[in-house]
Structure formats: C-alpha cells, structure tokens
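The lines below spell out each chain.
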Amino acid sequence: MTKKAKQIAIYGKGGIGKSTTTSNITAALSVAGYRVMQIGCDPKNDSTVTLRGGNYIPTILDTLREKKNAKAEEVVFSGFNGVFCVEAGGPAPGVGCAGRGIITAIELLKQQRVFETLDLDYVIYDVLGDVVCGGFAVPIREGIAEHVFTVSSSDFMAIYAANNLFTGIKKYSNNGGALLGGVIANSVNAPYAKHIIDDFVARTNTQVIEYVPRSITVTQSELQGKTTIEAFPDSEQAQVYKKLAHRIANHTESRVPEPLSAEALRKWAAEWSDQILAVETGEIRSNGASI
C-alpha cells in the first residue's frame, strides 16, 4: 500500500524569510532521509532557487501557457540531495489572479498522482501570506495541508499578516480546513523580539515552534545559491534549521487559533511600543511584568 505524504503549508508575508526558512526545512528533512517535495506558491517563482544552486525552473503556469497539457516530468525538477522542486508560477503581469497558479498546480499534481508515484514522505507548500486571494487560501480552505505554520518576526506588519492568516484558518476550521501548527519566529536576536512573539502567540492560542536567529551564514549561503544546510551543514544556523525540521516532522496536534481583532491588535502593538526600550535595557525581564 502506498504511504500518504504528510502535507505542510508554510505561510508568511513577503520578505520575512519564508522561502529561506522553507527551503532549509526541506533540505534538512532530505538530509534526515525523507523524500520531500517543495512547491513554491509565490508568483515570483523563487521558492526553490536555493535548492537548485541558484537556478530557476519553469513554472507550471508558464508550461501550460506554451502547451495545453503538461506532464509531471516537465514541471517537477530535482534539487539538493534529491528533493523534488515545483514552482506553481503566476499570471502575466497585470493579468489574472496571482493565486491561480496554486490551484492549477495542485490539480495537475493530483490528477497525475505525482505524490504517490514519487513515494513522498513530505510535501511542503511555500505560500505568500500577505495577499488576500482565494488561490492562496487553497491549502487551508480545502484541507490539502494537514498543518499550517507561519513565519513571523517581531515586526508589526509580519505579526499583522500572521494574525490575518489566523483569521482565515479559524474561518475554514469548521469545514475541514487545515489547522495551525504554530509560529516560526524568524530573525529573533534582540531580547524584546522574543518577548513580543511569545506574548502574541499566548494571546492567540498558538505556540512558537522554533526561534530562528538572524545569521550572516544565511546570507553567505544564498549568495552561493544554496541553503544553509547545503553550504554550511555544520554551522550553528544549520543546527537550528535541523531542529526546526525535526519538530515539524514530529508535529501531530494543530489547533484553531484565536486571532486578535483589528482594534485589539493595534492596542497591543501600541502597548509594546512603550515597553521595547525597557525590555532592551533590562528594566523589564518578561512581558508579563508590563502587559
């Protein structure tokens, strides 16, 4: 009997380090011995670049624009350590829905039973998380992904995007939609950053899966067109990604988040703006002491 691949969606606002984090998770899972596919669901088509030595691949939508039908071997490419790479793609600039690539990609891969044929252990969807579009909600709305994770820093707009994602997950949770596994806290170096993230997840009924610090190692790796797992496998940063991948691989219980209302989120942010300096200077040791 063919095993069923565990399907995971990773969301986050543009520029937050979502694709960097996702690709390192994929690479780490492959190094751990799993068969993994990463599906880029961003019109920029750059999700899998560091899994392929800096080289871009044809997208599903581009391929279908050139020909009416596409075979799996025309849109599925091999990457680092045997991972499978797919880019959904987007419409021509100024035309159509940016989320259409996700819908089309999922339909094509399901119709051709690609996941079963490749005997995958994990399918990782890398999804842009700050666009309000039905296509981008497909992995959640249709229950395609079993677990959803979001990448967020302590910056307000990243948290705002995460809170919007929580609203979508809660909306579809009663109709078989995917649930939230937790938050991947990215670029967490300053003391106040961890406090802000911890307070946000506590208030929204979720959890932090891993704290990922900002590291020059990541920049070095990407300049080489590689993940940190490939370029610097023994680095401290690689160990963080491996621990994160292990936690995601072993994650089983997701939940319905409790997003903050727009008013509550703004009030919460304003309160934190008054506390950052105090936390940074050591005047306050925990968020519970002030908020």
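If you're wondering where the values come from, they're calculated on a predicted model, not measured in any experiment.

1. Here we look at the overall build of the chain
The helix and strand inventory of the chain stands at 13 helices and eight strands. Taken across its 291 residues, the chain has 54% of its residues classed as buried. Here the analysis covers contacts within the chain between residues at least 6 apart in sequence; of these, 78% occur between residues at least 24 apart. Accessible surface, the chain as shown: approximately 13200 Å² in total, 49% of it carbon and sulfur.

2. Quick notes on the environment of Thr21
With respect to the helices, strands and loops of the structure, Thr21 is situated in helix 1 (residues 18–31). You can call Thr21 buried: its relative accessible area is 0%. Other than its neighbours up to four places away in sequence, Thr21 contacts Val151, Ile184, Asn186, Tyr241 and Leu244.

3. Re unusual backbone geometry
We note that Arg113 has phi near 50°; this positive angle belongs to a residue other than glycine. Take Arg113: it is sitting in the loop between helix 4 (100–111) and helix 5 (114–117). Relative accessible area serves as the criterion here: at 48%, Arg113 is assigned to the partly exposed category.

4. So, the packing of helix 7 (residues 156–172) against helix 12 (residues 262–273)
For the pair helix 7 and helix 12, the least separation of the axes is 12 Å and the interaxial angle reads 155°. Looking at the two axes, helix 7 sits roughly antiparallel to helix 12. Crossing geometry of helix 7 relative to helix 12 is assigned as right-handed. Contact with helix 7, carried on its side by Phe156, Ile159, Tyr160 and Asn163, involves Leu265, Arg266, Trp268 and Ala269 of helix 12 and no other residues of that element. Looking at the contact of helix 7 with helix 12 residue by residue, the classes come out as six nonpolar, one polar and one charged.

5. Some words on the packing of helix 7 against helix 8 (residues 191–203)
When two helices pack together, their arrangement is captured by the angle between the axes and the distance separating the axes. Two elements in contact, helix 7 and helix 8, have axes whose closest approach is 12 Å; the angle formed by their N-to-C orientations is 15°. In terms of axis orientation, helix 7 runs roughly parallel to helix 8. The way helix 7 lies across helix 8 gives a crossing that is right-handed. Along its contact with helix 7, which presents Ile159, Ala162, Asn163 and Phe166, the element helix 8 presents Ile196, Ile197 and Phe200. For the contact of helix 7 with helix 8, the per-class residue count stands at six nonpolar, one polar and no charged.

Calculation criteria
- Residues numbered from 1 in each chain as written.
- Predicted model: local features only at pLDDT ≥ 70, side-chain atom pairs only at ≥ 80, totals over all residues.
- Heavy atoms only, no water.
- Helix = DSSP H or I, 4+ residues; strand = E, 2+ residues; numbered from the N terminus.
- Buried < 20%, exposed > 50% of the residue type's maximum accessible area, 1.4 Å probe, protein only.
- Contact = heavy atoms within 4.5 Å.
- Areas by Shrake-Rupley, 256 points an atom, 1.4 Å probe, with all protein chains shown as cover.
- Axes fitted to C-alpha atoms, helices over the stretch in contact; angles between N-to-C directions.
- Parallel < 35°, antiparallel > 145°, perpendicular 65-115°, else oblique.
- Left-handed = near helix turned anticlockwise from the far one by under 90°.
- Nonpolar A, V, L, I, M, F, W, Y, C, P; charged D, E, K, R; others polar.

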